[in-house]
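Descriptive structure summary
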Amino acid sequence: EQVEATIARAIARLNQPTTGSIKFDGQEVTALSGDALRSYRRSVQMVFQSPYDSLNPRMKVGDAIEEPLIRHGLSRDGKSPDRVRQLLDMVELPYDLRNRKPHELSGGQCQRVGIARALALSPRLLIADEITSALDVTIQAQILELLQKLQSQTRMAMIYITHNLGTVAEIADRVMVMY
């Protein structure tokens, strides 16, 4: 695994670092547990590189988007059609896609579903790990434009990980190069 992906997974607390420190709002992230960790995970969401691998192939799109809401107790009896509609609209997908499964979607559509799922909890930080690398150039540009629009609308912070330096100029306010 590449170092930047490892760091991203540690920030999202998907992996526990063996050494070092991660601070978010002055809190040591690596020391969080219980309700504090649950709250942190709600504030920090991640969109992964492979759109197909990051979605459950047996789960309908609407259910995949709603799953974080259910897990965090934010969905009334597991049914939040208005929030699913809102999230699909935010990522510029039609509401009728909610009943499809990932194999029925294009890579760009799957990546938008992944973004919608990450936005479901209204995170303060979105980690986008190589999310355009598996997409063709036209779709890459659309996804970058969507990320910029969402960041502007929601005012969330974003960590955008990429090896494509051309896209960095379009999206980044600050850049860190890792070797």
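These numbers come from a predicted model, not from an experiment. (Residues numbered from 1 in each chain as written. Predicted model: local features only at pLDDT ≥ 70, side-chain atom pairs only at ≥ 80, totals over all residues. Heavy atoms only, no water.)

**Regarding the nonpolar core**
Operational definition: In plain words, nonpolar cores are sets of buried Ala, Val, Leu, Ile, Met, Phe, Trp, Tyr and Cys residues tied together by side-chain atoms within 4.5 Å. Only protein chains enter the accessibility calculation, which uses a 1.4 Å probe; a residue is then buried when its area is under 20% of its type maximum, exposed when over 50%, and partly exposed in between. Only DSSP runs of H or I covering at least 4 residues are called helices, and only runs of E covering at least 2 are called strands; the numbering of each starts at the N terminus. In what follows, residue pairs with any heavy atoms lying within 4.5 Å of each other are defined as contacts.
One finds I65, V91, I115, L119, L147 and L150 to be the most contacted residues of the largest nonpolar core, which totals 36 residues. At six residues, the largest contribution of residues to this core is made by helix α5 (residues 107–119). Filtering out sequence-adjacent residues up to four positions away, L119 remains in contact with R83, L87, M90, V91, L150 and M156. Residues F24, V29, V44 and I161 belong to the second largest nonpolar core, which totals 15 residues.

**Some details on the sheet that holds strand β4 (residues 125–129)**
To keep things clear, this is the line we draw: Only when DSSP finds a minimum of two bridges between them are two strands counted as paired. The angle between two axes is taken between their N-to-C directions and runs from 0 to 180 degrees, where each axis is a line fitted to C-alpha atoms and a helix contributes only its stretch in contact.
Spatially, β3-β4-β5 is the arrangement adopted by the three strands of the open sheet, whose pairing is parallel. If you trace the sheet from one side to the other, it starts and ends with β3 (44–47) and β5 (157–161), each paired once. When strand polarity is set aside, the average angle formed by the axes of neighbouring strands in this sheet is 15°. The sheet contacts of helix α2 (residues 34–43) involve β3 and β4, and relative to β3 the element is tilted by about 50°.

**Describing the pattern of salt bridges**
Worth spelling out the cut-off: Should a side-chain nitrogen of Lys or Arg be within 4 Å of a carboxyl oxygen of Asp or Glu, the pair is scored as a salt bridge.
In the structure shown here, the tally under the stated rule is four salt bridges. Between D25 and R124 there is a salt bridge, and its shortest N-O distance comes to 2.3 Å. Of the two residues, D25 is situated in the loop between β1 (23–24) and β2 (27–28) and R124 in the loop between α5 and β4; the sequence distance between them amounts to 99 residues. Residue D25 is classed as exposed on the basis of its relative accessible area, which comes to 57%. Here E67 makes a salt bridge to R71, at a shortest N to O gap of 3.3 Å.

**Considering the packing of helix α3 (residues 61–71) against α5**
Heads up, the condition is: For classification, angles of less than 35 degrees are called roughly parallel, those exceeding 145 degrees roughly antiparallel, those between 65 and 115 degrees roughly perpendicular, and all remaining angles oblique. Should the near helix be turned anticlockwise from the far one by less than a right angle, the crossing is termed left-handed; should it be turned clockwise, right-handed. Lys, Arg, Asp and Glu make up the charged group, whereas Ala, Val, Leu, Ile, Met, Phe, Trp, Tyr, Cys and Pro make up the nonpolar group; the residues left over, Gly among them, are polar.
In contact at an axis separation of 7 Å, α3 and α5 are set at 30° when each is read in the N-to-C sense. As far as their axial angle goes, α5 and α3 are roughly parallel. When the axes of α3 and α5 are compared, the crossing they make is right-handed. Contacts between α3 and α5 pair V61, A64, I65 and P68 from the former with V113, A116 and R117 from the latter. Within the contact of α3 with α5, the residues separate by chemical class into six nonpolar, no polar and one charged.

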